[in-house]
Structure formats: structure tokens, C-alpha cells
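Understanding the architecture of this molecule
Here are the chains, one letter per residue:
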Amino acid sequence: MQCAESLRVQAYFDREVDAVSAAEIERHVEHCSACRELLQDLEKVRNALRSGISYASAPPALRAQVLQALDREPDFAGGDEAIRSATPRKPRPAWQPRGYGGRGFRIGAFSGIGGAALAAAMAFFLILPTLSPLSNEIVSAHVRSLMPAHLIDVVSTDKHTVKPWFAGHADVSPAVADFESQGYRLIGGRADYIDHQRSAVVVYQHGAHVINVFTWAANGTRLPGNMTRSGYHLAFWQQGDIQYCAVSDTGWDELLGLVRLLREQA
């Protein structure tokens, strides 16, 4: 019979689970032969697909369309006002690139389902390098942390254990507090490298979501506004000479709720 954890194992294989769930699944797989075989089968399928698929280059016109779309895409309303209200700015009216709906456009760049999939892939791989370097760094660091054994260097729910650990490991001393009663449980911290500095990262768990709070010394660079990148929300703020960014795939209201608590604590 199929193990009841098989669906979670498939999600783990596709890297669609958070770090806490990934650790639980890895422990389960150690004792479940059915799930181990499932992972092996999935890996065989992936290797077969990769070896048998030929890749086609997207035409320059498609790249131009995607970049034009990015320029018109609204960001989340940033700044203190957004943090106080925790309400995203209403999106602008839907746009249509020039030629959208025309016969040449439909038959050319986006012909059929394959064209739509190609457009989605190009939107990610071509647009990501054009984003601000700081947001790119933080999203990359957040995604790396979600891989097994990368999330936490010091595991503790005690702020008096986590905060002193950063001395000698990071260039700043971050605000550390446990807000478990408000739904944000402190689970530890780690050091990372952001904006050419040893950044302190305080890690919280909110339901099934991991929230990384990056902290680094201000160097005169203006922070970007709050934004969503690759499915992750990024909330930026500064207090004194310290800059912060909270990043997670949780909802905006939940993320900005932690931001408010941290600002009050600091």
C-alpha cells in the first residue's frame, strides 16, 4: 500500500515544503522503504526527462515583451504607511502589450500551451537579473536557507541564547524577541552575507511558514520599497543605523504583523 506521507514526499522532492517540514520528511524517509523507493523513482523520471528533452531558445521579441511587462508591473506599496495599514496597494488596471490578441502575436511567441510555458520560464530567468541587487541577494539567501540543514546555525527559542550568539558571527546585533503568543515563534538564528556584510538573520516560524529577518548596517544606500519577488514577500525598514528585511511566502498581513512587533521591540 502507498504510504500516507507519499504526497508530502513528492512535495519535498519538488522543493515545495518549508525547512521544518523537510526535516520531518527526511526523518520519515529513513524508516519508510516505500517513500525511499518513491524518491528513487521520482529521481529516475527527472533524469530521464532531462536527458530526453531538447531546449529551444526564445526569440528576442519574447524577451522584449517580458521586460516591457516587468516595467508595467506594480509593486507592493512600501514604507511606514504600508506597515501601519498592512494593506497592499490596489493593482493598476490590467495592461495589454502592443499586438496582444493579434494573429501574429498568438501564432508567434505564445502559440499553444508550449508557448505559454516558455513565456513563463523566460519571465523568471530573463527578468530576475534586472531586479535590484539587494532584493536578489535576499531572495537567494532565503531560498538557500530553506534547503535542508541551511536554515539555522543556533537553534533556540530563548532570545538570551540567540542574541549573544551573533557576537563574533555577524557585523550587527539584531533585535531578537519571541512573539509566540502572537503567533511568531522564535526558532533560532544564523549568519549570512548581505550587502557585502556579515548579516544577522533571526528565524521565526508562523504556522507552516518560515520568516527570515535579515539585519545589516546601513551604508547610505536607500532601501527599496516592499515588494514580491519569485513568490516571496520582502518588507524593508530601517531603524537608526540598522537596516532590516523580513522575507517569507506567508501573507502580507502576517509578515507585516511581525514587522510591527519587531519595530516596537527595537
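For the structure given in this document, a descriptive report is provided here. As the structure is a prediction and not an experimental result, all values here were calculated from the model.

To continue, consider the overall build of the chain. When helices and strands are counted, the chain shows ten helices and seven strands. Put simply, the chain has 266 residues, and 39% of those count as buried. Intrachain contacts of the chain at a sequence separation of at least 6 include 59% that bridge at least 24 residues. Of the roughly 15,200 Å² of accessible surface on the chain, 53% is carried by carbon and sulfur atoms.

This part covers the nonpolar core. Phe 166, Phe 179, Tyr 204, Ile 211, Val 213 and Leu 258 are the most contacted members of the largest nonpolar core, which totals 29 residues. Mapped by element, the contributors of at least two residues to this core are helix H9 (159–165), strand S3 (197–206), strand S4 (209–217), strand S6 (232–239), strand S7 (242–248) and helix H10 (252–265). The residues contacting Ile 211, other than those within four sequence positions of it, are Tyr 184, Val 202, Val 203, Tyr 204, His 206, Ala 246, Val 247, Ser 248, Thr 250, Leu 255 and Leu 258. Ala 19, Leu 134, Ala 141 and Phe 236 belong to the second largest nonpolar core, which has 21 residues in total.

What follows covers the packing of helix H1 (residues 6–13) against helix H2 (residues 19–31). At their nearest, the axes of H1 and H2 sit 10 Å apart, and the two run at 120° to each other. Classed by the angle they form, the pair H1 and H2 counts as oblique. The interaxial crossing formed by H1 with H2 has left-handed handedness. Here Arg 8, Val 9 and Tyr 12 of H1 lie close against H2, whose contacting residues are Ser 21, Ala 22, Glu 24, Ile 25, Glu 26 and Val 29. Tallied by class, residues from the contact of H1 with H2 come to five nonpolar, one polar and three charged.

Read across the open sheet, the seven strands follow the order S1-S2-S3-S4-S7-S6-S5; overall the sheet is antiparallel. The open sheet has two edge strands with one neighbour each: strand S1 (154–155) and strand S5 (227–229). Direction of pairing for S3 relative to S4: antiparallel, over a ladder of seven bridges. Within S4, the position partnered with Val 201 by the bridge is Phe 214.

Right, let's talk about the packing of aromatic side chains for a bit. By the definition in use, this model includes three aromatic pairs. With 6.2 Å between their ring centres and 25° between their planes, Phe 179 and Tyr 204 make a pair best called stacked. Note that Phe 179 is positioned in the loop between H9 and strand S2 (185–194) and Tyr 204 in strand S3, a separation of 25 residues in sequence. The same class applies to Phe 179 and to Tyr 204, which are both buried. Residues Trp 237 and Tyr 244 carry aromatic rings whose centres are separated by 4.9 Å and whose planes lie at 5° to one another, so their mutual orientation is stacked. The same class applies to Trp 237 as to Tyr 244, namely buried.

Time to look at the side chain of Arg 190. Relative to the helices and strands, Arg 190 is located in strand S2. Separated by 2.8 Å, the side chains of Arg 190 and Asn 212 make a polar contact.

Attention now goes to the side chain of Gln 243. Topologically, Gln 243 is positioned in strand S7. Owing to a relative accessible area of 1%, Gln 243 belongs among the buried residues under this scheme. Within polar-contact distance, the side chain of Gln 243 engages the side chain of Trp 216 at 2.8 Å. Here Gln 238 takes part through its side chain, which lies 3.1 Å from a polar atom of the side chain of Gln 243. Discounting chain neighbours no more than four positions away, the residues touching Gln 243 are Phe 214, Thr 215, Trp 216, Ala 217, Ala 218, Thr 221, Leu 223, Trp 237 and Gln 238.

To continue, consider helix H4 (residues 60–72). Between its first and last C-alpha atoms H4 spans 19 Å; for 13 residues at 1.5 Å apiece the expected length is 18 Å, and the two agree. Regarding H4, the residues found buried are Leu 62, Val 66 and Ala 69. For H4, the angular spread of the buried residues around the axis is 60°, confining them to a single face. Pointing more than 90 degrees away from the buried face of H4 are the exposed residues Pro 60, Ala 61 and Asp 71.

What follows is about the environment of Val 17. Summarising the element assignment, Val 17 is placed in the loop between H1 and H2. With 130 residues separating them along the chain, Val 17 and Met 147 place their C-alpha atoms 9.4 Å apart. If near-sequence neighbours (up to four positions away) are discounted, Val 17 is found in contact with Arg 8, Ala 11, Tyr 12, Ala 22 and Ile 25.

With that settled, the discussion passes to the state of the cysteines. A covalent bond between the sulfur atoms of two cysteines is referred to as a disulfide. One pass over the full model with this rule turns up zero disulfides. For Cys 32, which is in no disulfide, the shortest distance to another cysteine sulfur is to Cys 35 and amounts to 3.5 Å.

The rules behind the values
- Residues numbered from 1 in each chain as written.
- Predicted model: local features only at pLDDT ≥ 70, side-chain atom pairs only at ≥ 80, totals over all residues.
- Heavy atoms only, no water.
- Helix = DSSP H or I, 4+ residues; strand = E, 2+ residues; numbered from the N terminus.
- Buried < 20%, exposed > 50% of the residue type's maximum accessible area, 1.4 Å probe, protein only.
- Contact = heavy atoms within 4.5 Å.
- Areas by Shrake-Rupley, 256 points an atom, 1.4 Å probe, with all protein chains shown as cover.
- Core = buried A, V, L, I, M, F, W, Y, C linked by side-chain atoms within 4.5 Å.
- Axes fitted to C-alpha atoms, helices over the stretch in contact; angles between N-to-C directions.
- Parallel < 35°, antiparallel > 145°, perpendicular 65-115°, else oblique.
- Left-handed = near helix turned anticlockwise from the far one by under 90°.
- Nonpolar A, V, L, I, M, F, W, Y, C, P; charged D, E, K, R; others polar.
- Pairing = 2+ DSSP bridges.
- Phe/Tyr/Trp six-rings, centres within 6.5 Å; stacked < 30°, edge-to-face > 60°.
- Polar contact = N/O pair within 3.5 Å; in protein donor to acceptor, adjacent residues only side chain to side chain.
- Expected span 1.5 Å × (residues − 1).
- Arc of directions from axis to C-beta.
- Disulfide = S-S within 2.5 Å.

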